[in-house]
Amino acid sequence: MSFSFPSYRNLCRYLGETDALVELTELACRSFQYDAKSSPDMVAFVEDASNRYGIKVNLSEVDLLSQHLARSYIVTVYQSADCFLREFRKEYCILYHKDWHDDDQSDLLTMTLNNISPEKPEAVIDNYLTSRFQYYRIVRNMVVHTKGTEQRKPLEMFSKIVTVLPEFEELKSPLPLVNPPDAIAFDDFICFSRVTKLIAKKICIFSKPSDTHWITSIPINRFKRFQNNPKRMLNSIIGYISTEFGMDTSSAKWIAQEICKPKKDVTH
């Protein structure tokens, strides 16, 4: 049975849009740097571009442009991840009719794992994914906040995750290697984006309800207006399940048929 929360599909859309914009930005950056460094006089080249487009440029920042952009890409991906985790929380609580246990001492990912798998949160996602995500989250904090402690944390986290990188390399993963905090590059954006989608997918898979849960959890009252038209009611439930939870038609149809099945009269 295929299944996904709306928050996961929103995340894929957000990251798809982000990927396109980041790739265009990176292409423009590399093209500009190449032309600047290939010109006979880089200072004159930059000044000419500055005058042409009416943008004042600090020449000393040209060489640091790629690094600054790469760090901003990390911030952008985390914004999408943050949005997913907050949306997922609402959807999960509604679907399972559960309360969410907040923890001011935990980050959003850790809190999510503790809520959907309180006895064994590490069983939801492999460590090589969570460690990468947490590293980039800390890099994001370093970029957004400039306190000394925020500068040290990425280095401390990087020293921990490098221990799992050789193993990951042996698996021939398509994920790029993680770079240290002072060498964040475009590949780190690619890595963080892919890791975020993989984590979101695993969270959804782990949180998939059982077949019987659907029968009792669907908000049937929203379809009561069709109770005099059984076929329309059936199709409405199928459409709702397929659209809201990305479920294949055959599974959605089975659930809808179970929900709409006439209840047997019980004679006492």
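1. Remarks on the overall build of the protein chain
1) Next: Across its full length, the protein chain carries eleven helices and zero strands.
2) Next: The buried share among the 268 residues of the protein chain stands at 42%.
3) Next: Put simply, of all contacts in the protein chain between residues at least 6 apart along the chain, 67% involve residues at least 24 apart.
4) Next: Total accessible area on the protein chain stands at roughly 15,900 Å², and carbon and sulfur atoms take up 53% of it.

2. Describing the environment of T216
1) Next: Residue placement: T216 occurs in helix α9 (residues 211–217).
2) Next: As a C-alpha pair, T216 and I259 span 43 residues in sequence and 8.1 Å in three-dimensional space.

3. Here's the deal with helix α4 (residues 108–116)
1) Next: Burial analysis of α4 places seven of its nine residues in the buried class, which makes it a mostly covered element.
2) Next: Those residues of α4 that are buried are in contact with α3 (65–96), α5 (127–144) and α8 (186–206).
3) Next: One side-chain oxygen at the N-terminal end of α4 lies 3.1 Å from the backbone nitrogen of L109; it belongs to D107.

4. Some words on the packing of aromatic side chains
1) Next: Evaluated as defined, the whole model comprises 19 aromatic pairs.
2) Next: Geometrically, the ring pair formed by Y136 and F192 is tilted, given 5.0 Å between the ring centres and 35° between the ring planes. Taken together, the residues Y136 in helix α5 and F192 in helix α8 connect sequence positions 56 residues apart.
3) Next: Under the relative-accessibility criterion, Y136 is labelled buried at 0%.
4) Next: Through successive ring pairs, a cluster of aromatic residues spans F3, F5, F84, F88, Y92, Y96, W100, F223, Y240 and F245.
5) Next: A cation over an aromatic ring shows up here: K98 above the ring of Y96, its NZ or CZ 5.5 Å from the ring centre.

5. As for the packing of α4 against α8
1) Next: In contact at an axis separation of 11 Å, α4 and α8 are set at 15° when each is read in the N-to-C sense. Classified by the angle between their axes, α4 and α8 sit roughly parallel to one another. Classified by chirality, the crossing of α8 by α4 is left-handed. In this structure, α4 uses L109, T112, L113 and I116 to contact α8, whose residues at the interface are I199, I203 and F206.
2) Next: Residue composition of the contact of α4 with α8, by class: six nonpolar, one polar and no charged.

6. With respect to the nonpolar core
1) Next: Judged by nonpolar contacts, the single largest core of 67 residues is most densely connected at Y135 and I203.
2) Next: When residues of this core are traced back to their parent elements, those giving at least two are α1 (6–38), α3, α4, α5, α6 (148–161), α8, α10 (230–245) and α11 (249–260).
3) Next: In terms of residue count, α3 provides more of this core than any other element does, 14 residues in total.
4) Next: Residues in contact with I203, not counting those within four places in the same chain, are F84, L85, F88, L109, T112, L113, I116, V124 and I125.

7. Comments concerning the layout of surface pockets
1) Next: Computed from the structure, the largest pocket encloses a volume of approximately 330 Å³.
2) Next: Along the wall of the largest pocket there are 16 residues; nearest its centre are F32, V46, A49, V57 and L65.
3) Next: Mapped by element, the contributors of at least two residues to the lining of the largest pocket are α1, α2 (42–53) and α3.
4) Next: Counting residues per element, the lining of the largest pocket draws most heavily on α2, which supplies six residues.
5) Next: Broken down by class, the residue content of the lining of the largest pocket amounts to eleven nonpolar, three polar and two charged.
6) Next: Taken as a whole, the second largest pocket spans an internal volume of roughly 220 Å³.
7) Next: Together, P6, E91, I94, L95, H97, S217, I218, P219, R222, Y240, E244 and F245 line the second largest pocket.
8) Next: Here the residues of the lining of the second largest pocket are counted per class, giving seven nonpolar, two polar and three charged.

8. Topic: the environment of R222
1) Next: Within the element layout of this structure, R222 appears in the loop between α9 and α10.
2) Next: Through-space distance from the C-alpha of R222 to that of I237 is 9.4 Å; in sequence the pair is 15 residues apart.

9. A closer look at the pattern of salt bridges
1) Next: For the structure on display, the rule yields six salt bridges.
2) Next: Between K197 and D19 there is a salt bridge, with the nearest N and O atoms lying 4.0 Å from each other. With K197 in helix α8 and D19 in helix α1, the pair connects residues that are 178 residues apart, well separated along the chain.
3) Next: We note a salt bridge from D48 to R52, for which the minimum N-O separation is 2.3 Å. With a gap of four residues between them, D48 and R52 both fall in helix α2, about one helical turn apart.
4) Next: Owing to a relative accessible area of 42%, D48 belongs among the partly exposed residues under this scheme.

About the criteria used
- Residues numbered from 1 in each chain as written.
- Predicted model: local features only at pLDDT ≥ 70, side-chain atom pairs only at ≥ 80, totals over all residues.
- Heavy atoms only, no water.
- Helix = DSSP H or I, 4+ residues; strand = E, 2+ residues; numbered from the N terminus.
- Buried < 20%, exposed > 50% of the residue type's maximum accessible area, 1.4 Å probe, protein only.
- Contact = heavy atoms within 4.5 Å.
- Areas by Shrake-Rupley, 256 points an atom, 1.4 Å probe, with all protein chains shown as cover.
- Polar contact = N/O pair within 3.5 Å; in protein donor to acceptor, adjacent residues only side chain to side chain.
- Phe/Tyr/Trp six-rings, centres within 6.5 Å; stacked < 30°, edge-to-face > 60°.
- Lys NZ or Arg CZ within 6 Å of the ring centre and 35° of its normal.
- Axes fitted to C-alpha atoms, helices over the stretch in contact; angles between N-to-C directions.
- Parallel < 35°, antiparallel > 145°, perpendicular 65-115°, else oblique.
- Left-handed = near helix turned anticlockwise from the far one by under 90°.
- Nonpolar A, V, L, I, M, F, W, Y, C, P; charged D, E, K, R; others polar.
- Core = buried A, V, L, I, M, F, W, Y, C linked by side-chain atoms within 4.5 Å.
- 1 Å grid on protein atoms, 1.4 Å probe; cavity = no way out; pocket = protein on both sides within 12 Å on 5 of 7 lines; lining within 4 Å.
- Points joined across faces, edges and corners; volume = space filled by probe spheres on them.
- Salt bridge = Lys/Arg side-chain N within 4 Å of Asp/Glu carboxyl O.

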